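Spelled out from the first residue to the last, the chains are:
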Amino acid sequence: MSGQPFKAHAVSLTPPELSGWAASATGVAHVQERSAAASGPEVLVTALVHGNEYSGALALDEFLRSGLRPRCGRITAVFCNTAAFARFDASQPDASRFVDEDFNRVWSPERLDGARQSTELARAREIRPFVERATHLLDLHSMHEPCEPLLVTGLLPRNIAFAQGLGTAGQVIVDAGHADGVRMRDYGPFGEAGGARLALLLEAGQHWASSSLDAARNVLMRFLVASGALARGDVPEGWLLPDVLPPPPITVTDRVVAKSMDFAFVQDFRGGETIPQAGTVIAHDAGEPVVTPYDDCVLVMPSVRQLRLGVTTVRLGRRAG
Ligand SMILES: [Zn+2]
């Protein structure tokens, strides 16, 4: 299929103005630090890993403008793929995810230390020292389709427990990552079973929905409190959503990958649907049925908006408990 099969979702959020954060004492553009005299957690909050996902950048911009400072340790705020974000065009809002390649697939030593060049590799190489020093990483994303917020933890129990303890309605997704490259949140020590570093990726909701900004603010503040950088009483009025007992985690077991450009779901899945019976057809790919592999299979982030060969169209998972 060619052309533009999708109507873009409404752009309800105005993109942030980030030029004021370009100049940086660190020498790396769009990296801002807020430090306390007392030692403490080394917190890194990243936004715009994908250039069209700016709800997290809005929350981070508000945080920086608020003047909040950590009680101990350091909070580093990074606007990652600013080159892609600079191309954001509300009339083609899906087009500015990246410039050359997905910034969130280059986080292996082989790619970062390799000879290949791209806009995203150059930026990842600049940001790498901040990722390497972080004890706590919160990476703020959003989703192609309208969906309740998700907290993507990777497989390590410490990250799952941290995410469940935040007290948000975000559905914890236990997920090994992508076959086509390593995510920033899985880089190096963040993926070591014996370590203590924490990494969490928020999928706040649809990219340009105002509820995604609410979710990003809420998770950002809860993350800063849970890491010890802020006290709960420091959080400005209106930033936190009510405490919620989170649902049990969903563990991703399978990824459905497009084998053709003729891939379509059998209905307008939004994510979170539980398909009771194994063998239920959920999509067709080049005329072949795509079926659920087991009973009570949960669909996670279904989307064909970025369809190309090899792209993940939906994750399949089991709900704990
Ligand atoms: Zn993203």
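The name recorded for the protein in an unreviewed UniProt entry is Succinylglutamate desuccinylase/aspartoacylase family protein, from Polaromonas jejuensis.

Caption draft 1: The arrangement of the coordination of the zinc ion in detail. Surrounding the zinc ion are the protein donor atoms His50 (ND1), Glu53 (OE), Glu53 (OE) and His141 (ND1), at 2.0 to 2.5 Å. Coordination at the zinc ion is irregular: its 4 donor atoms span angles of 55 to 150° at the metal. All donors to the zinc ion come from one chain, and their sequence spacing reads H-x2-E-x87-H. Glu53 shares its class with His50; the two are buried.

Caption draft 2: Main features of the pairing of strand β13 (residues 297–300). A two-sided burial pattern is seen for β13, the buried positions comprising Cys297 and Leu299 on one face and Val298 and Val300 on the other. Pairing between strand β10 (residues 274–275) and β13: 2 bridges, direction antiparallel. Note on β13: the bridge partner recorded for Ile275 is Cys297.

Caption draft 3: Fine view of the packing of helix α1 (residues 55–66) against helix α6 (residues 210–227). Running from amino to carboxyl end, α1 crosses α6 at an angle of 55°, the nearest separation of the two axes being 8 Å. In terms of axis orientation, α1 runs oblique to α6. Crossing angle aside, the handedness with which α1 passes α6 is right-handed. Mapping the contact onto sequence places Ser55, Gly56, Leu58, Ala59, Leu60, Glu62 and Phe63 in α1 and Ser212, Leu213, Ala216, Arg217, Leu220, Met221 and Leu224 in α6.

Caption draft 4: Geometry of the UniProt feature "domain: Succinylglutamate desuccinylase/Aspartoacylase catalytic" (unreviewed entry) in the protein. The UniProt feature table records "domain: Succinylglutamate desuccinylase/Aspartoacylase catalytic" (unreviewed entry) at residues 40–145. Annotated as residues 40–145, this span is 34% helix and 19% strand, and its ends, taken at the C-alpha atoms, are 37 Å apart.

Caption draft 5: Highlighting the domain arrangement of the protein. Domain annotation for the protein reports domain 1 (19–234) and domain 2 (250–319). For domain 1 versus domain 2, the separation of C-alpha centres amounts to 26 Å. Listed per partner, the contact involves 16 residues of domain 1 and 14 residues of domain 2. Note on domain 1 versus domain 2: buried area summed over both sides is about 1,500 Å², and carbon and sulfur give 49% of it. Counting the surface domain 1 buries against domain 2, the share from its top three residues, His144, Glu145 and Val174, is 29%. Inspection of the region where domain 1 meets domain 2 yields 3 salt bridges. Here Arg305 makes a salt bridge to Glu145, at a shortest N to O gap of 3.0 Å.

Caption draft 6: Examining the state of the cysteines more closely. According to the stated counting rule, one finds 0 disulfides in the structure shown. Cys147 takes part in no disulfide bond, and the closest cysteine sulfur, belonging to Cys297, lies 15 Å away.

Caption draft 7: Structural context of the sheet that holds strand β8 (residues 250–257). Strand order in the open sheet made by the 11 strands is β1-β3-β2-β4-β7-β5-β6-β8-β14-β13-β10, with mixed pairing throughout. The open sheet has two edge strands with one neighbour each: β1 (31–35) and β10. In terms of strand pairing, β8 meets strand β14 (residues 312–319) through 7 bridges, oriented antiparallel. Pairing of Val252 across the sheet is with Gly317, part of β14. Its contacts with the sheet place helix α4 (residues 119–133) against β1, β2 (42–47) and β3 (74–79), and it is angled at close to 160° to β3. On top of the sheet, helix α5 (residues 157–164) reaches β4 (136–143), β5 (150–152), β6 (171–174) and β7 (198–206); it is set at about 50° to β7, its chief contact.

Caption draft 8: Layout of the pairing of β6. Burial of the side chains of β6 extends over both faces: Gln171 and Ile173 are buried on one face and Val172 and Val174 on the other. Sheet topology places β5 next to β6; 3 bridges connect them, and they run parallel. Residue Val152 lies in a different strand from β6, and its bridge partner there is Ile173. Note on the crossover from β5 through α5 to β6: the handedness is right-handed. Pairing analysis gives 2 bridges linking β6 to β8, with the strands arranged parallel. Counterpart to Val174 in the pairing with β8 is Thr251.

Caption draft 9: Region of the structure containing the pattern of salt bridges. If you walk through the whole model with that rule in mind, you get 24 salt bridges. One salt bridge in this structure joins Glu42 and Arg133, with 3.4 Å as the shortest N-O distance. Of the two residues, Glu42 sits in strand β2 while Arg133 sits in helix α4, which places them 91 residues apart along the sequence. On the accessibility criterion, Arg133 (26% relative accessible area) is partly exposed.

Caption draft 10: Seen up close, the environment of Asp295. Structurally, Asp295 is set in the loop between β12 (288–291) and β13. Judged by its relative accessible area of 48%, Asp295 is partly exposed. The sequence separation of Asp295 and Thr280 amounts to 15 residues, and the corresponding C-alpha distance is 9.1 Å. Sequence-distant contacts of Asp295, defined by excluding residues within four places in its chain, comprise Ile275, Pro276, Gln277 and Ala278. A polar contact is formed between the side chain of Asp295 and the backbone nitrogen of Ala278, at a distance of 2.7 Å.

Rules behind the numbers
- Every chain begins its residue count from 1, and numbering advances along the sequence as written.
- Thresholds applied to this predicted model are a pLDDT of at least 70 for local features of residues and 80 or more for the giving and counting of side-chain atom pairs; totals over whole chains, interfaces and linings are not thresholded and use all residues.
- Side-chain measures were taken over the full set of non-hydrogen atoms in the model, leaving aside hydrogen atoms and water.
- Distances up to 2.8 Å from the metal define which N, O and S atoms are donors, and 3.2 Å serves for Na, K and Ca; water is absent from the atom set, so sites may look incomplete.
- For a four-donor site, all angles between 85 and 135 degrees give tetrahedral; for four or six donors, opposite pairs above 155 degrees with the remaining angles between 65 and 115 give square planar or octahedral; all remaining cases count as irregular.
- Think of it in three bands: residues with accessible area under 20% of the maximum for their type are buried, residues over 50% are exposed, and the middle band is partly exposed, with areas taken using a 1.4 Å probe on protein chains only.
- Secondary structure elements follow DSSP: runs of H or I of four or more residues count as helices, runs of E of two or more count as strands, with numbering from the N terminus.
- Strands qualify as paired when DSSP identifies two bridges or more between them.
- Every angle, taken between N-to-C directions, lies between 0 and 180 degrees, and every axis is a line fitted to C-alpha atoms, over only the stretch in contact when it is a helix.
- The scheme is simple: roughly parallel for angles under 35 degrees, roughly antiparallel for over 145, roughly perpendicular for 65 to 115, oblique for anything else.
- In this scheme the crossing of two helices becomes right-handed for a clockwise turn of the near helix relative to the far one and left-handed for an anticlockwise turn of less than a right angle.
- Note on contacts: a residue pair is in contact if any heavy atoms of the two residues lie within 4.5 Å.
- UniProt positions are given in the numbering used here, feature names are shortened, and annotations may be inferred rather than shown by experiment.
- Domain extents, as shown, originate in an automatic or database domain assignment.
- The term buried area refers to how much accessible surface (probe radius 1.4 Å) is lost by two components on association, counted for both of them together.
- By convention in these notes, a salt bridge is any Lys or Arg side-chain nitrogen within 4 Å of a carboxyl oxygen on Asp or Glu.
- Disulfides are defined in this document as cysteine sulfur pairs within 2.5 Å.
- We call a crossover right-handed when, viewed with both strands directed away from the observer, the connection leading from the first strand over the helix to the second proceeds clockwise.
- Here a polar contact means two N or O atoms within 3.5 Å. Within protein one must be a hydrogen donor candidate and the other an acceptor candidate, and residues neighboring in sequence count only if both atoms are side-chain atoms.

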